[in-house]
Amino acid sequence: MIAGFQASLPVKVSFADGAVGELPGILAGRRVLVVVEEPVADIPAVAEAIEGFEAYAKPPGEPTFDLIADAAAAVERARPEVVVGIGGGSALDLAKAARLVAGQGESFERFCDGEIEVLPPAVDLVAVPTTSGTGSEVSGGAVVVDHVERRKRGVAHPLMRAQHALVDPLLTVGLPPDATAYTGVDALAQAIGGVIASNGNVLSTAIGLEACRHIAAGLEPAVRDGGDLDARHELSLGSLMAGLAMNLSDCCADHALGHSIGSTYGLPHGLTVGLVLAETLDVNRPACGPQLDQVADALGEPRDRSGDGVAGVRAVRRLLARARIPTMRGAGVGDEQIGRLVELSMADYCLTVNPREWTEDDVRRAYADALALEGR
Ligand SMILES: NC(=O)c1ccc[n+]([C@@H]2O[C@H](COP(=O)([O-])OP(=O)(O)OC[C@H]3O[C@@H](n4cnc5c(N)ncnc54)[C@H](O)[C@@H]3O)[C@@H](O)[C@H]2O)c1
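Residues numbered from 1 in each chain as written. Predicted model: local features only at pLDDT ≥ 70, side-chain atom pairs only at ≥ 80, totals over all residues. Heavy atoms only, no water.

**Q** So what exactly am I meant to see when it comes to helix α13 (residues 338-346) here?
**A** Since one α-helical turn is 3.6 residues long, residues separated by three or four positions face the same way. By the burial criterion, the buried members of α13 are I338, R340, L341, V342, L344 and S345. Lining the buried residues of α13 we find β7 (151-156), α10 (253-265) and α14 (360-372). (Buried < 20%, exposed > 50% of the residue type's maximum accessible area, 1.4 Å probe, protein only. Helix = DSSP H or I, 4+ residues; strand = E, 2+ residues; numbered from the N terminus. Contact = heavy atoms within 4.5 Å.)

**Q** I would appreciate a short explanation of the pairing of strand β4 (residues 82-87) in the present structure.
**A** Within a regular beta strand, the side chains point alternately toward one face of the sheet and then the other, so they alternate between its two faces. Here β4 lies mainly inside the structure; 6 of its 6 residues are buried. Both faces of β4 are covered, namely the face carrying V82, V84 and I86 and the face carrying V83, G85 and G87. Sheet topology note: the strand β2 (residues 32-37)/β4 ladder contains 5 bridges and is parallel. Counted as the bridge partner of L33 is V83 from β4. Inspection of the sheet shows β4 paired to strand β5 (residues 124-129) by 6 bridges, in the parallel sense. (Pairing = 2+ DSSP bridges.)

**Q** Explain the packing of aromatic side chains to me, please; I cannot follow it from the model alone.
**A** The geometry of an aromatic ring pair is captured by two quantities: the separation of the ring centres and the angle between the planes. Considering all chains together, one arrives at 1 aromatic pair under this definition. Summarising the aromatic geometry, the rings of F65 and F108 are spaced 6.4 Å apart at their centres and angled 50° between planes, so their arrangement reads as tilted. Here F65, found in helix α4 (residues 65-78), pairs with F108, found in helix α6 (residues 108-112); they are 43 residues apart in sequence, far enough to count as distant. Here F65 matches F108 in class, with each residue buried. (Phe/Tyr/Trp six-rings, centres within 6.5 Å; stacked < 30°, edge-to-face > 60°.)

**Q** Sorry if this is basic, but what is going on with the side chain of D186 here?
**A** Mapped onto the fold, D186 is located in helix α7 (residues 177-196). Within the buried core, D186 has no salt-bridge partner, and the shortest N-O distance to an opposite charge, that of K152, equals 8.3 Å. (Lys, Arg positive; Asp, Glu negative; His and termini not counted. Salt bridge = Lys/Arg side-chain N within 4 Å of Asp/Glu carboxyl O.)

**Q** Is there a simple way to think about a nonpolar patch on the surface in this case?
**A** Taken together, the side chains of I2, F5, V202 and L203 present a nonpolar region at the surface, about 360 Å² in accessible area. Here I2 is to be found in the segment before β1 (12-15). Overall, I2 belongs to the exposed group, its relative accessible area being 64%. (Patch = residues over 30% accessible without salt bridge, like charges linked within 9 Å, V, L, I, M, F, W, Y side chains within 5 Å. Areas by Shrake-Rupley, 256 points an atom, 1.4 Å probe, with all protein chains shown as cover.)

**Q** Just checking my understanding: could you explain the environment of F53 for this structure?
**A** With respect to the secondary-structure elements, F53 resides in the loop between α3 (44-50) and β3 (54-58). Through-space distance from the C-alpha of F53 to that of G141 is 25 Å; in sequence the pair is 88 residues apart. Sequence-distant contacts of F53, defined by excluding residues within four places in its chain, comprise L27, V32 and V34.

**Q** It is not clear to me how the domain arrangement of the chain should be interpreted in this structure. Could you clarify?
**A** When the parts of a complex come together, some accessible area is lost, and that lost area is often used as the size of the interface. Examined at the domain level, the chain breaks down into domain 1 (8-171) and domain 2 (175-372). The gap between the C-alpha centroids of domain 1 and domain 2 is 25 Å. On the side of domain 2, 28 residues touch domain 1, which itself brings 23 residues to the contact. Contact between domain 1 and domain 2 buries roughly 2,200 Å² in total, counting both sides, with carbon and sulfur atoms accounting for 59%. For the pair domain 1 and domain 2, the number of links is 0 salt bridges. (Domains from an automatic or database assignment. Buried area = accessible area lost by both parts, 1.4 Å probe.)

**Q** Would you take a moment to explain the packing of α7 against helix α9 (residues 229-248) for this structure?
**A** Remark: α7 packs on α9, axes separated minimally by 8 Å, with the N-to-C direction vectors making an angle of 40°. As summarised for this structure, α7 and α9 are arranged oblique, according to the angle between their axes. The two elements α7 and α9 meet at a crossing, and its hand is left-handed. Seen from α7, the contacting residues are T180, G184, A187, Q190, A191 and G194; seen from α9, they are R232, L235, S239, A242, G243, A245 and M246. Per-class residue counts for the contact of α7 with α9 are 6 nonpolar, 6 polar and 1 charged. (Axes fitted to C-alpha atoms, helices over the stretch in contact; angles between N-to-C directions. Parallel < 35°, antiparallel > 145°, perpendicular 65-115°, else oblique. Left-handed = near helix turned anticlockwise from the far one by under 90°. Nonpolar A, V, L, I, M, F, W, Y, C, P; charged D, E, K, R; others polar.)

**Q** Looking at this structure, how should I read the site of the ligand?
**A** In the vicinity of the ligand there are 26 residues, among which E37, S90, T130, T131 and S139 approach most closely. A distance of 2.7 Å is found between a nitrogen atom of the ligand and a side-chain nitrogen or oxygen belonging to T130. Within the side chain of S136, one N or O atom sits 3.4 Å away from a nitrogen atom of the ligand. Burial of the ligand by the protein chains amounts to 86% of its free accessible area of 870 Å². The leading source of residues in the shell around the ligand is helix α5 (residues 89-104), at 4 residues. Here the residues of the shell around the ligand are counted per class, giving 7 nonpolar, 13 polar and 6 charged. Formed jointly, the shell around the ligand draws a minimum of three residues from each of two domains, domain 1 (8-171) and domain 2 (175-372). (Near = heavy atom within 4 Å. Polar contact = N/O pair within 3.5 Å; in protein donor to acceptor, adjacent residues only side chain to side chain.)

**Q** Just to check I follow, could you spell out the sheet that holds strand β8 (residues 164-167) for this structure?
**A** By way of backbone hydrogen bonds, the strands of a sheet pair with one another, either parallel or antiparallel. The 6 strands lie next to each other as β1-β8-β5-β4-β2-β3, forming an open sheet whose pairing is parallel. With one partner strand each, in any of the chains shown, β1 and β3 form the two edges of the open sheet. Mean inter-strand twist for the sheet, computed between neighbouring axes without regard to direction, equals 15°. Across 5 bridges, β2 lies against β3 in parallel orientation.

In structure tokens, the structure reads:
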């Protein structure tokens, strides 16, 4: 029997080498503000596409409340008809959050607190990803690092999605190997979330599994050789599809535990997810063994027909090793703040859509397993 579900994914997508070149045509005759950060603005195809448009120069780092307020003020000053976000998830989320705040005149924090309803925006959003990881170009989410509470927070609403996503694999060619690995693993976790999350459905499963196939094909070769265009295509498509899967479901314990590491240690988002992905899946196995076996198939792992999901976890471990994701200790995360990490994880939204409910003991076990790894 197929469980009932609802889905709404109205983002127009252009996926092609050179898709960023569509930008001047899309923006012609409209007032525009481009949100972009330094290394990305220097990519020749980006520089050419945004030439002549007003730009907000995003500083390095993930969005904070202050940064969102600053970018929103720039949106208010520029009064654009279209906001364009170009970059990794941080730039795309900043563009989304700034458009929301400027449009409704409320702080992003109040949206995070659930005090303000998200209304239909008056300003269009075009999203151009330059990493292959977050799927933010098709998601309705925007994530912020709350430096006061020292945790990651966010707002997710279908009305926050971009109207048009331009996914151009050529823009990712210069992404360094580490960033390629981290963002690719983020996409992998989101793709698997589409298959195992408790709020998933047949569409998120189908798209998530197909995303796994593309990510498995592209991750290791793109990390080894950033100029491998076939690998960049696979990763870009896998990331886009994982973003769609995530919009039909969500991310699970890997993101809850990863967010906690990220806000505590200031490590890149995808890396934090990779540090705990296999271990959280292993703790989840009793609740989603058959689904993890489907993931194993999609990742090209020989089937053992056990139905217990061991093959899926093994396949993920293999990919993490090939992408050269360090261990938790190798990344500088020890057990000195474990109490804080557990507390943050238990309060994270992503645990609420996990294949089964987690106790503090489950969180502790996943962290302990990740800390016990001596190598990949
Ligand atoms: N909204 C969502 O649906 C969603 C989903 C997952 C994660 N996120 C958030 O997205 C953020 C992480 O995004 P990310 O992993 O894409 O990293 P990022 O946006 O933080 O970028 C990482 C670094 O790579 C640089 N960079 C980006 N593209 C480049 C390119 N083509 N060449 C050279 N350098 C490039 C950036 O300037 C930055 O220094 C986090 O804040 C995370 O919480 C959002």
